[in-house]
Each structure stands twice: as C-alpha cells, then as structure tokens.
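# Topology and contacts: notes
One letter stands for each residue in the lines below.
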Amino acid sequence: KQSGAQTEASSSSDQSAQGQAYDGLSVKKDGHLMTIAFNRPKKYNAITTKMYADLTEILNTAAKDDSVRLVAFTGVGSYYCSGNDLNNFMGVDPSDISKIAKESGSLLENFVGAFINFPKPLIGLINGPAIGISVTVLGLFDTVYASDKATFSTPFTVLGQTPEGCSSFTFPRIMGNSKATDVLMFNRKLTAAEAEKCNLVSQVFPSESFETEAFEKVKEYSSLPPQSMRYQKDLVRTFDREQLHKVNKMECERLVERWQSQECMEAIVNFFTRKSKL
Amino acid sequence: KQSGAQTEASSSSDQSAQGQAYDGLSVKKDGHLMTIAFNRPKKYNAITTKMYADLTEILNTAAKDDSVRLVAFTGVGSYYCSGNDLNNFMGVDPSDISKIAKESGSLLENFVGAFINFPKPLIGLINGPAIGISVTVLGLFDTVYASDKATFSTPFTVLGQTPEGCSSFTFPRIMGNSKATDVLMFNRKLTAAEAEKCNLVSQVFPSESFETEAFEKVKEYSSLPPQSMRYQKDLVRTFDREQLHKVNKMECERLVERWQSQECMEAIVNFFTRKSKL
Amino acid sequence: KQSGAQTEASSSSDQSAQGQAYDGLSVKKDGHLMTIAFNRPKKYNAITTKMYADLTEILNTAAKDDSVRLVAFTGVGSYYCSGNDLNNFMGVDPSDISKIAKESGSLLENFVGAFINFPKPLIGLINGPAIGISVTVLGLFDTVYASDKATFSTPFTVLGQTPEGCSSFTFPRIMGNSKATDVLMFNRKLTAAEAEKCNLVSQVFPSESFETEAFEKVKEYSSLPPQSMRYQKDLVRTFDREQLHKVNKMECERLVERWQSQECMEAIVNFFTRKSKL
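If you're wondering where the values come from, they're calculated on a predicted model, not measured in any experiment.

### Examining the pattern of salt bridges
A complete count under the given rule lists 48 salt bridges over all chains for this structure. Its salt-bridge partner being Glu-257 of chain B, residue Arg-258 of chain B comes within 3.0 Å of it at the nearest N-O pair. The exposure class assigned to Arg-258 of chain B is buried, which follows from its relative accessible area of 2%. Bridged by salt links that share partners, the residues Arg-254, Glu-257, Arg-258 and Glu-263 of chain A form one connected network.

Quick look at the structure:
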C-alpha cells in the first residue's frame with residue numbers, strides 16, 4: 001500500500017512535499033484544499049481497522065487546522081471504496097467475539113462522529129463504485145459529485161447487518177423513505193444517474209472529464225470566503241447535530257448486537273461460500 | 001365480492017389453502033410473505049367501513065405473527081384502490097352526523113395507527129390508479145413499486161376535506177413542500193413516472209411485466225434475514241413514531257370537524273351533483 | 001418605478017380599480033386571489049429597504065383579510081426578482097455600519113417571519129431569473145410554478161454572506177443536503193428543469209404559455225374551499241413553525257455579524273470591482 005500512496009503522490013509532484021502516507025490512504029494538501037483518497041486499489045479500497053482510526057484522526061486534526069478550509073474524499077483506481085473490509089471480521093477467536101464487536105462498534109462510532117462534527121465543507125468525489133459505509137456516510141457530506149462510472153450499494157441485509165453512518169436518519173430525508181428502504185434494506189444498487197435523481201449526488205460528470213471538471217470546481221471552492229462557508233455549514237447542521245449523534249450511537253449499538261448474532265454469522269458465511277464458488 | 005376473492009384465490013391455487021376471505025379484501029400467505037389485496041374491482045376497490053376495521057385487525061395480527069416477515073399491498077383488477085367509499089357518508093341521519101363523524105375519525109385513527117406501528121417491511125405494489133387514503137398512507141410504507149399504469153391522486157380540497165394518513169407530515173418530507181401541496185391541496189394527479197421522480201415511488205415497471213417482476217422481487221425480499229429487516233425499520237422509524245401518532249391524531253380531529261362542516265357538505269353535494277350529470 | 005406600476009396596472013385594466021401602487025411592487029386583487037408582483041423591471045426587480053417593509057405589511061394585512069384566500073407572487077418583465085438591492089448597503093457611513101446592520105437584520109427577520117406565519121396558500125409564479133432572498137423564501141411557499149426561462153441562484157458565499165429565508169433549514173429538506181449545499185454554498189445556479197427535478201419547483205411551463213396556464217391554475221385554486229386549504233396548511237406547518245422562527249432568528253443574527261465583517265466587506269468590494277470592469 002505504501003507504494004500505492006507513493007505512486008499517487010508522484011503523479012502530482014507539485015504537492016508531494018505536503019503529501020502524507022498512511023496505509024491505504026493518501027492525504028494531500030493543495031492550498032487550502034485537503035484531499036483524502038482511499039488508496040488500496042488492489043483491495044478495491046476496502047477500509048481496514050487501521051484506516052478507520054487514521055481517518056478519524058485525520059478529520060479531527062483537519063477540523064482544527066486553519067490552513068485546511070475544505071476537504072474532499074476520492075478513491076485511487078477504478079473504485080471509490082468497497083466499504084468495510086470483511087476480513088476485519090475474519091480469524092476472530094470465538095471467545096473474543098464480544099470484545100471485538102464492542103471495539104469495532106466504538107471504532108465505528110468515533111469514525112462516523114468525526115463526520116458529524118467536521119465543521120468545514122466536506123465534498124465527495126465519487127470516481128467509481130461505492131459500497132457500504134462509504135455510501136452511508138455520504139449523507140453527512142456537504143455535497144457529492146460523481147463520475148458516471150460511480151455506483152452506490154449498501155448490502156447490509158444480505159449480510160445480516162443494519163445501516164450505519166447515520167443513513168437510517170439521513171437517507172429517508174434525502175431520497176424519501178421509499179427509495180431509502182429500497183437501497184438500505186433491499187440492496188438496490190444505484191447508478192450515478194439514479195443517485196443524482198434521488199438527490200444523494202448533486203452533479204454527475206462524464207468519467208473522462210471527472211478529474212478535470214469536478215476536481216477543478218472543488219479547488220475553486222477552497223478559495224471562497226472560509227468563514228461564510230463554516231457559518232453556513234453550522235446553520236445547516238446545528239439543529240440535527242445532537243440527533244445525528246444519537247442515531248450514530250443507536251446504529252452502532254445495533255451493529256454490535258448484529259455482529260454477535262447467529263443471523264449475521266450465517267449470512268456472512270453464506271456470502272463467503274457463494275463468493276468462493278464463483 | 002366473495003366471488004372476486006374466490007377468483008383471485010383460484011388463480012393462485014397453490015396458496016389457496018392459506019387464503020382468507022374478507023369482504024372486499026383478499027389475504028394470502030406465500031412462505032413468509034403476506035399479500036393483502038383490495039378486492040372490490042366493481043367498486044374500483046373503494047374502502048368500506050368494514051374494510052378499515054378488517055385491515056386494522058389484519059395488520060395488528062400480522063405484526064405479532066412470526067411466520068409473517070413482510071407484507072405487500074396490491075389491488076385486484078385495474079385499480080389499486082379508489083380510496084374511501086363516499087357511500088360511507090351517505091344516508092346518515094342528520095341527527096347522527098356528530099356521532100358518525102366521531103366514530104369514523106376513531107376508525108381512521110386506528111387504521112392509520114396500525115401502519116405507523118407495523119414493525120415489519122411493508123411494500124406497496126401499485127397496479128393501477130390509487131386515490132385518497134390509499135395514496136396518503138404510502139408515506140408510511142417502507143417502499144413502493146408501481147406499474148406504469150398507476151396514478152396517484154388525493155382530491156381532498158375539492159371535497160372540503162383535509163389530508164390524512166400522516167401525509168401532511170410525510171409528503172413534504174418525501175417530495176418537498178412544493179409538490180406535496182400541489183398534490184394534497186391542489187389535487188394534482190401524479191403519473192407513475194412523476195411519483196417516481198418525486199420519490200414517492202422507488203421503481204416503476206411496465207404494466208405487462210409488473211406482476212412477474214415486482215411481485216418476484218418482493219417474494220425474494222421475504223427470505224432476507226428477518227431480524228436485520230425489523231431492526232433496520234425500527235432505526236428509521238424510532239425518531240418519528242411519536243410524532244407520526246401526534247400527526248395522525250391531529251389529522252383525524254380535523255377531519256371529524258370537516259365532516260360536520262357546511263363547507264364539506266356542500267362540496268360533497270356538488271361532487272355527486274356533477275357526477276350524476278355526467 | 002411609479003410608471004412601471006402603472007404600465008402593469010393598465011395592462012390589466014379590469015382589476016385596476018383594486019390595484020394598489022407601491023414603489024417597486026404591484027398588488028392586485030382578482031376575486032379571492034391577491035397577486036403581488038415585483039415591479040422594478042429596470043433594476044431587475046431588486047428589493048429595496050422600503051419594499052421589504054411594504055411586503056411585510058402587505059402579507060400581514062392579507063393574513064387577516066377574509067376576502068383574500070390565496071396569494072401569488074410573480075415579477076414584472078423578464079426577471080422574477082434579482083434579490084436584495086446591493087445599493088441598500090452602499091453609501092453607509094462607516095460609523096453607522098453597526099446600527100444599519102442591526103436594523104437590516106431586524107427588517108429581514110420580520111420580512112421572513114411574515115412568510116412563516118402566513119396562514120393561507122402562497123404560490124410562487126417564477127417568470128424569470130430569481131436570485132438570493134427571492135429564491136430562499138420559496139422554501140416557505142406552499143407551491144412554486146416556473147416558466148422554463150426561470151433560473152434560481154443564491155450567491156451568498158462569494159459575497160461573504162450566509163443564507164436567509166430559512167433556506168438553511170428548508171433547502172436540505174426539499175432537495176437533500178448535497179444539492180442544497182451546491183446551491184447555497186457553492187453558488188450553483190439551477191435551471192427551471194433542475195429546480196423541478198430537485199423538488200423546489202412543482203411544475204415547469206413553456207414561457208409562451210406560462211401566464212395563461214400557470215396563472216389560470218392559480219385563479220382556479222382561489223375558488224377551492226378556503227377553510228380546507230387553511231386547515232391543511234396549518235397541519236403541514238404546525239410542527240415546523242417554532243423551528244422556522246428559530247432558524248430565521250439565527251440566520252439573521254449571523255447576517256448582522258457578516259455585514260460587519262471584514263470578509264464580507266472585501267467580498268462585496270471585489271464584486272463591484274469585477275462588475276465595473278465588465
């Protein structure tokens with residue numbers, strides 16, 4: 001992964017001095033814009049336990065760093081992010097399940113909490129398929145732009161799990177309960193155009209020009225009056241913030257229960273069995 | 001109507017043993033899926049006083065029946081449901097109006113309350129025109145699929161009435177206040193495509209393949225991990241449930257006043273006068 | 001401006017007896033319908049300090065006038081309304097800035113409060129470009145119809161300002177946070193079709209037939225049972241009214257701070273400098 005981050009950094013050599021390397025993540029600063037890229041292309045940018053902790057810290061630090069005025073998320077390679085690395089659950093000693101489930105729940109709650117609390121504009125630049133937690137937290141982003149190669153799927157129910165990232169609260173408010181349930185409960189995968197139609201995504205760009213067009217816009221935004229942007233975000237979030245933290249807590253508590261449930265274990269085993277047969 | 005129910009039952013003979021006959025309703029179980037069909041095709045599936053009571057009981061019983069994991073609503077014939085049977089209001093002795101209005105309000109509040117409280121996924125399969133209360137309660141469904149022959153209309157204002165089914169709360173949240181008012185107050189009828197565009201409906205299917213495609217999907221969903229589905233629905237609803245019951249109560253109280261008002265009586269008389277002239 | 005109002009009045013001579021002249025506004029009554037038109041076409045219908053006060057009074061008076069059952073807003077000429085007249089801020093003696101900012105905040109809070117409290121249906125007939133405050137208050141309208149020549153833009157951030165009209169609350173609920181931020185923070189201008197797609201607008205009409213089609217509909221609505229309409233609006237608004245007043249207060253307090261900030265002053269100077277160079 002280290003090498004992946006370096007490849008990414010070297011392709012934009014003018015910012016390389018500011019680039020920071022994390023396992024599976026590439027963080028760059030360009031003026032007042034910080035870009036965080038999921039960077040494990042061989043694993044479709046799946047999020048490891050360490051990446052959750054690193055992302056939480058990166059966001060919490062950027063929140064206090066006055067030189068950062070705007071943060072954008074994207075992915076290296078063809079995927080945006082394939083969500084939680086299911087290997088995070090593998091090889092756990094049965095006697096440790098309860099302990100690990102609680103630790104994972106706490107890790108997730110802090111991770112999502114960092115998005116709820118982030119005081120500056122947060123923009124998603126969705127270059128390709130997005131899955132699971134990388135989709136659900138988009139409801140906490142300020143705006144989302146997508147390449148026409150992006151897709152959005154949240155296969156929680158087939159894995160015996162339940163939604164996180166405050167999506168049980170944000171998704172019905174963004175796209176209405178009918179589409180939110182179709183996506184979150186019945187595993188409907190949205191194309192970029194469908195995601196735009198139901199307001200999860202603000203604008204869709206042709207994949208050929210996505211990097212130039214969408215990234216350029218975001219770069220421009222980073223020079224807008226910073227206080228105006230922060231105050232505006234605060235106006236929008238102030239009435240929901242407490243509610244979002246409650247939802248986050250409830251979602252994580254439910255997942256801690258789910259991860260220890262027979263239903264979830266069977267569903268995950270079925271998933272890997274089907275996968276290994278392909 | 002009895003014969004209609006039998007026709008419906010016989011056309012799906014493999015489930016006939018589980019079929020239950022109600023006046024104007026047909027209730028079937030297929031594995032863990034319960035399908036409730038409005039079945040008064042000659043009356044465009046209008047809902048009688050008895051049907052409100054039966055549906056309330058069916059939902060409240062299914063809520064506690066572990067063999068039922070998912071409930072779908074649909075209509076027999078070309079209509080989904082033409083809403084409240086206006087004959088429910090006819091032939092009432094003027095001295096009884098106050099008593100009947102209160103009873104109807106109570107019946108309606110319990111009916112809508114059963115939808116608010118229903119703890120399992122509830123899916124609308126809208127095969128044709130839907131009117132009035134059959135449209136408004138869709139805001140309490142978890143997802144809605146429609147045939148391209150479906151339409152959605154709520155002619156409350158022309159009848160001197162006001163919205164129910166919690167639509168005064170759910171519709172602005174689903175489709176924004178601009179479209180919600182156009183539909184609920186100004187009697188705009190939505191096509192299936194328009195209902196999808198404004199997020200009331202999640203997916204639209206060609207009428208030719210609606211039964212196979214949409215019904216098949218719902219059948220598949222009924223085998224998803226049941227606890228995951230229930231917990232997810234609970235996460236979505238938990239913050240709104242109390243609010244929804246308040247809205248339901250307010251809407252019903254308002255209707256009890258409306259049904260006894262001069263404005264409403266004149267509007268209904270006008271409606272029947274116009275109708276009889278056609 | 002007086003002459004503009006007269007031109008407008010004379011072009012609809014049958015209502016001229018009921019017409020009332022305000023500087024920059026034309027107010028007409030046609031049966032139970034009151035139509036308020038922004039009428040400063042040479043200034044693209046920008047809103048002066050006096051117009052804010054007049055509009056507040058007009059709405060508060062119409063609220064209590066039983067002969068008015070429905071109010072529609074539109075614009076005279078090619079624009080709907082270009083928003084706050086930036087000249088309102090010009091020529092202010094530096095020592096008066098704090099006083100003027102507070103007065104302007106109070107004026108704005110009362111203006112927006114009149115929309116929050118207005119108890120009868122309020123319809124926007126957007127004939128052309130709408131900017132700033134004329135866009136944001138649309139979230140408080142009951143429904144909005146637009147000509148295909150309408151556009152919607154809210155360039156707050158580039159002017160170092162923040163949203164008003166309760167849009168920080170209503171816009172994310174109408175169009176989802178992703179599009180709301182794109183519009184309110186990143187100055188994305190919506191076409192009529194885009195505004196309809198994201199539910200800010202309910203219906204779009206060809207500009208050629210906008211006056212006949214859309215105005216005719218609104219005229220028809222004004223003969224619907226008035227109590228039904230008012231009670232319905234009250235059901236929809238009752239749960240949000242207190243919240244909306246809080247949001248309005250917060251937004252205005254923030255603007256009072258913004259108008260006195262270095263960031264805002266520099267942004268406005270930049271705006272006029274760029275404009276004078278064109």
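### Looking at the sheet that holds strand E6 (residues 130-131) of chain A
Residues and elements named next belong to chain A. The sheet built from three strands is open, its strands ordered E6-E8-E9 with mixed pairing. The sheet is open, and its two edges are formed by E6 and strand E9 (190-191), each paired on a single side. Where E6 and strand E8 (residues 151-153) come together, two bridges link them in parallel fashion. Paired with Ile-131 across the bridge in E8 is Ser-153.

### Overview of the relation of the copies chain B and chain C
Under the fitted operation, chain B is carried onto chain C by 0.0 Å of movement along the axis and a turn of 120°, and the coordinates agree to an RMSD of 0.0 Å. Taken together, the rotation angle and the small translation identify this as a three-fold axis. Residue Arg-173 of chain B, judged by its C-alpha, is the member of chain B lying nearest the rotation axis, at 3.8 Å. The two copies present different faces, since only 9% of the interface residues in chain B are matched by interface residues at the equivalent positions in chain C.

### With respect to the interface of chain C and chain A
Between chain C and chain A, the contact holds 34 residues from the first and 31 residues from the second. Taking both partners together, chain C and chain A bury about 2,700 Å²; carbon and sulfur atoms supply 57% of that area. If you sort the residues of chain C by the area they bury against chain A, Ser-178, Met-185 and Phe-186 of chain C come out on top, with a joint share of 23%. Applying the counting criterion to the chain C and chain A interface returns three salt bridges. Between Arg-173 of chain C and Asp-240 of chain A there is a salt bridge; the shortest N-O distance is 3.6 Å. Viewed at the interface, chain A and chain C are joined by 19 residue pairs in polar contact (both at pLDDT 80 or more). Every element with two or more residues in the side of chain C that touches chain A is listed here: helix H5 (167-184) and helix H9 (241-259) of chain C. Ranked by residues supplied to the side of chain C that touches chain A, first place goes to H5 of chain C with twelve residues. Grouping the amino acids of the side of chain C that touches chain A by side-chain chemistry returns eleven nonpolar, twelve polar and eleven charged.

### Some thoughts on the interface of chain B and chain C
On the side of chain C, 31 residues touch chain B, which itself brings 34 residues to the contact. Summing both sides of the interface, chain B and chain C together bury roughly 2,700 Å²; the carbon and sulfur share of this comes to 57%. If you sort the residues of chain B by the area they bury against chain C, Ser-178, Met-185 and Phe-186 of chain B come out on top, with a joint share of 22%. Summed over the shared surface of chain B and chain C, the number is three salt bridges.

### Notes on helix H7 (residues 207-221) of chain C
One full turn of an α-helix is made of 3.6 residues, so residues set three or four places apart face in the same direction. Residues and elements named next belong to chain C. Between its terminal C-alpha atoms H7 stretches 21 Å, which fits the 21 Å expected from 15 residues at 1.5 Å a residue. Buried residues of H7: Ser-209, Phe-210, Ala-214, Val-218 and Tyr-221, and no others. Angularly, the buried residues of H7 cover 145° about the axis, an arc narrow enough to put them on a single face. Exposed residues on H7 whose side chains face more than 90 degrees from its buried face are Glu-208, Glu-211, Glu-216 and Glu-220.

### Here we look at the environment of Pro-41 of chain B
Residues and elements named next belong to chain B. Here Pro-41 shows up in the loop between strand E3 (33-38) and helix H2 (49-64). We classify Pro-41 as partly exposed; its relative accessible area is 37%. In this structure the C-alpha to C-alpha distance between Pro-41 and Cys-81, which are 40 residues apart in sequence, comes to 8.8 Å.

### Let's talk about the pairing of strand E7 (residues 143-147) of chain A
Residue and element names in this part refer to chain A. In terms of burial, E7 is largely enclosed, as five of its five residues are buried. By the alternation rule, side chains of E7 split into Thr-143, Tyr-145 and Ser-147 and Val-144 and Ala-146, which are all buried. Pairing between strand E5 (residues 122-126) and E7: four bridges, direction parallel. Considered in E7, the bridge of Ile-123 is made with Thr-143. Of the strand pairs in this sheet, E7 and strand E10 (residues 203-205) are connected by three bridges, and their pairing is parallel. Within E10, the position partnered with Ser-147 by the bridge is Phe-205.

### Quick notes on the packing of aromatic side chains
Under the definition given, this model contains 42 aromatic pairs over all chains. Plain terms: the ring middles of Tyr-44 of chain A and Tyr-79 of chain A are 4.7 Å apart, the flat faces sit at 50° to each other, and that makes the pair tilted. In this pair, Tyr-44 of chain A sits in the loop between strand E3 (33-38) and helix H2 (49-64) while Tyr-79 of chain A sits in the loop between strand E4 (70-75) and helix H3 (97-117), placing the two residues 35 residues apart along the sequence. For the ring pair Tyr-52 of chain C and Phe-111 of chain C, a centre distance of 5.0 Å and an interplane angle of 90° mean the geometry is edge-to-face. Residue Tyr-52 of chain C is found in helix H2 (residues 49-64), and its partner Phe-111 of chain C is found in helix H3 (residues 97-117); the two are separated by 59 residues along the sequence. You'll find Tyr-52 of chain C and Phe-111 of chain C in the same group, each marked buried. Connected via pairs of aromatic rings, a cluster forms that spans Phe-38, Tyr-52, Phe-73, Tyr-80, Phe-111, Phe-115 and Phe-141 of chain A.

### Re the relation of the copies chain C and chain A
By a simple turn and slide, chain C fits onto chain A: the slide is 0.0 Å along the axis, the RMSD is 0.0 Å, and the turn is 120°. A different interface surface on each copy is seen, since only 9% of the contact residues of chain C are contact residues in chain A too.

### Things to note about the packing of helix H5 (residues 167-184) of chain B against helix H8 (residues 226-237) of chain C
At a minimum axis separation of 11 Å, H5 of chain B and H8 of chain C run at an interaxial angle of 150°. Here H5 of chain B is positioned roughly antiparallel relative to H8 of chain C, judged by the angle of their axes. Seen from above, H5 of chain B lies across H8 of chain C with left-handed handedness. On H8 of chain C, the residues that touch Ser-168, Pro-172, Asn-177 and Leu-184 of chain B of H5 of chain B are Gln-232, Leu-235 and Val-236 of chain C. Here the contact of H5 of chain B with H8 of chain C is built from residues that sort into four nonpolar, three polar and no charged.

About the cut-offs
- Residues numbered from 1 in each chain as written.
- Chains lettered and ligands numbered in written order.
- Predicted model: local features only at pLDDT ≥ 70, side-chain atom pairs only at ≥ 80, totals over all residues.
- Heavy atoms only, no water.
- Salt bridge = Lys/Arg side-chain N within 4 Å of Asp/Glu carboxyl O.
- Buried < 20%, exposed > 50% of the residue type's maximum accessible area, 1.4 Å probe, protein only.
- Pairing = 2+ DSSP bridges.
- Helix = DSSP H or I, 4+ residues; strand = E, 2+ residues; numbered from the N terminus.
- Least-squares fit on C-alpha atoms with pLDDT ≥ 70 in both.
- Contact = heavy atoms within 4.5 Å.
- Buried area = accessible area lost by both parts, 1.4 Å probe.
- Polar contact = N/O pair within 3.5 Å; in protein donor to acceptor, adjacent residues only side chain to side chain.
- Nonpolar A, V, L, I, M, F, W, Y, C, P; charged D, E, K, R; others polar.
- Expected span 1.5 Å × (residues − 1).
- Arc of directions from axis to C-beta.
- Phe/Tyr/Trp six-rings, centres within 6.5 Å; stacked < 30°, edge-to-face > 60°.
- Axes fitted to C-alpha atoms, helices over the stretch in contact; angles between N-to-C directions.
- Parallel < 35°, antiparallel > 145°, perpendicular 65-115°, else oblique.
- Left-handed = near helix turned anticlockwise from the far one by under 90°.

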